[in-house]
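One letter stands for each residue in the lines below.
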Amino acid sequence: MKIAFYDTKDYDKLWFEPLAKEYGYDVVFYESRFVSDTAILANGCDAACLFVNDVIDEKSINMLYDMGVKVILLRCAGYDNIDLKACEGKITVLRVPSYSPTAVAEYAAAMMLTLNRKIHKAYTRTREFNFKISGLMGITLRGKVAGVIGTGKIGKVMIEILKGFGMQILAFDPYPDTSLDVEYVALDELLKRSDVITLHCPLSPDTRYIINKNSISKMKDGVILVNTSRGGLVDTQALIDGLRAGKFMGVALDVYEEEDEYFFEDRSNDIIQDNELIKLMAYPNVLITSHQAFFTSEALEAIARTTLENLKAFEEGRPLENEVTLQGK
Ligand code: NAD
């Protein structure tokens, strides 16, 4: 089996290169993102290994199919960037549903703490020998209310972490897990009562813009919002309006609606064209990172192993437990 590996970064090769050898697979690493213009690079390959910001639309799927590519290996959990209908009957889609929920939850907690206690600001201040602490005041989290939207694998770990801080947890999920010791409430109630809101649901037609003008208006003044899930969960313009109105103590974004143009790349010498991104960067209480919540060595190893194991199962005709279909998974 030969794999066309798109969006290659040095850290991807770290685990994929040696493991692919172990599995006996041939991998061609490309730095290019996967879009219809670069789909041709998969010619002669059996599988295309793709990532979160690749544009896997009908046109590119048909190109892969025509070239004989049989399987798309998503080396991520989310599958909101793929046209599953176009894949039906043509290409099998496999993903890595769980590689390290802990890595993402720990990172969400780190963002929450950083924003609250303004560690990002303190770091730059002290580097310049400015040891004043005015403007760095946060709130004590013990006893405050954390609202967790989505109580799947990552949401559950986040709940454990937040409980460790002594926070009271409210949760919203259309499929509540009754074994969890949390108070499930309606979304509106969660929005109204939470001091911190953290998003852990997937992006789908139901969840797109779950954070919008209306939901922001229901939140407490001085709320902290953390999004480590998908950018499309938040209506960026509504968020900017909320920031301008002083609604938020802080907003932490590891994902951004239009991130595919920027994230994972060094654009520091470019003239940035995205006005909303520029505006977000200008707010002192906004912390943006580049979709790195998953980024631990343990998670990268697990991603590589599961991706290659997925291909092995496909090759050997075994049941595909990580297949994604239109019916979901
Ligand atoms: P999961 O499938 O285990 O859990 C998702 C939960 O969201 C489920 O319990 C589901 O019922 C719930 N949900 C569905 N619709 C909802 C809605 N309308 N409102 C509230 N909850 C809803 O997924 P997971 O492994 O916990 O991952 C969650 C998301 O995190 C992924 O979909 C992905 O987008 C994101 N993610 C981000 C990174 C990163 O590096 N930033 C890494 C991995 C995953």
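Refer to the structure above for everything that follows.
Residues numbered from 1 in each chain as written. Predicted model: local features only at pLDDT ≥ 70, side-chain atom pairs only at ≥ 80, totals over all residues. Heavy atoms only, no water.

Asker: Got a minute to help me understand the sheet that holds strand E10 (residues 223-227) in this structure?
Answerer: By way of backbone hydrogen bonds, the strands of a sheet pair with one another, either parallel or antiparallel. Here seven strands make up an open sheet; going across it, the order is E8-E7-E6-E9-E10-E11-E12 and the pairing parallel. This sheet does not close on itself; its edge strands, each paired only once, are strand E8 (183-184) and strand E12 (286-288). Taken together, the four bridges between strand E9 (residues 196-199) and E10 define a ladder with parallel strand orientation. Across the sheet, the residue bridging to Ile-197 is Leu-225, located in E10. Against the sheet, helix H4 (residues 101-117) touches E9, E10, strand E11 (248-253) and E12, its axis set at about 145° to E11. (Pairing = 2+ DSSP bridges. Helix = DSSP H or I, 4+ residues; strand = E, 2+ residues; numbered from the N terminus. Contact = heavy atoms within 4.5 Å. Axes fitted to C-alpha atoms, helices over the stretch in contact; angles between N-to-C directions.)

Asker: Would you take a moment to explain the nonpolar core for this structure?
Answerer: As a rule of thumb, soluble globular proteins bury nonpolar side chains together. Counting residues in each nonpolar core, the largest one holds 111 residues, and the members touching the most others are Ile-3, Leu-64, Ile-72, Ile-197, Leu-239, Phe-248 and Leu-280. Here this core takes nine residues from H4, the largest share from any one element. When residues of this core are sorted by domain, at least three fall in each of domain 1 (2-99 + 297-315) and domain 2 (101-288). In this structure, Leu-280 is in contact with Thr-236, Leu-239, Ile-240, Leu-243, Leu-253, Tyr-256, Val-286 and Ile-288, ignoring residues within four places of it in sequence. (Core = buried A, V, L, I, M, F, W, Y, C linked by side-chain atoms within 4.5 Å. Buried < 20%, exposed > 50% of the residue type's maximum accessible area, 1.4 Å probe, protein only. Domains from an automatic or database assignment.)

Asker: Even after reading the chapter, I still don't get the side chain of Arg-75, so can you show me in this structure?
Answerer: Tracing the backbone shows Arg-75 in the loop between strand E4 (71-74) and helix H3 (84-87). A residue is classified by how much of its surface remains accessible, and Arg-75, at 2% relative accessible area, is buried. One polar contact links the side chain of Arg-75 to the main-chain carbonyl oxygen of Asp-7, over a distance of 3.5 Å. Setting aside residues no more than four positions away along its own chain, Arg-75 makes contact with Phe-5, Tyr-6, Asp-7, Thr-8, Asp-12, Phe-16, Cys-49, Leu-50, Phe-51, Val-96, Ile-303 and Thr-307. (Polar contact = N/O pair within 3.5 Å; in protein donor to acceptor, adjacent residues only side chain to side chain.)

Asker: Explain the pattern of salt bridges to me, please; I cannot follow it from the model alone.
Answerer: Opposite charge on two side chains lets them pair, provided their charged atoms get close. Applying the stated criterion across every chain yields a total of 18 salt bridges. One salt bridge connects Lys-156 with Asp-177, and the closest N-O pair in it is separated by 3.1 Å. Here Lys-156, found in helix H6 (residues 153-164), pairs with Asp-177, found in the loop between strand E7 (168-172) and E8; they are 21 residues apart in sequence, far enough to count as distant. Its relative accessible area of 29% is what places Lys-156 among the partly exposed residues. (Salt bridge = Lys/Arg side-chain N within 4 Å of Asp/Glu carboxyl O.)

Asker: Before we go on, may I ask you to explain the environment of Tyr-99 in this structure?
Answerer: With respect to the element layout, Tyr-99 can be found in the loop between strand E5 (92-94) and H4. When residues no more than four places from it in sequence are discounted, the contact partners of Tyr-99 are Cys-76, Ala-77, Phe-294, Ala-299, Ala-302 and Ile-303.

Asker: Sorry, what's going on with the sheet that holds strand E2 (residues 26-29) here?
Answerer: If you walk across this open sheet you meet the five strands as E2-E1-E3-E4-E5, and the pairing is parallel. Unpaired on one side and paired on the other, E2 and E5 mark the two borders of the sheet. Strand after strand, the sheet turns through a mean of 20° between neighbouring axes, direction not considered. Where strand E1 (residues 2-5) lies against strand E3 (residues 47-50), three bridges are found, and the strand directions are parallel. Paired with Ile-3 across the bridge in E3 is Ala-47. Sitting on the sheet, helix H1 (residues 10-23) touches E1, E2 and E3, and the angle it makes with E2 is about 155°. On top of the sheet, helix H11 (residues 297-315) reaches E1, E3, E4 and E5; it is set at about 160° to E4, its chief contact.

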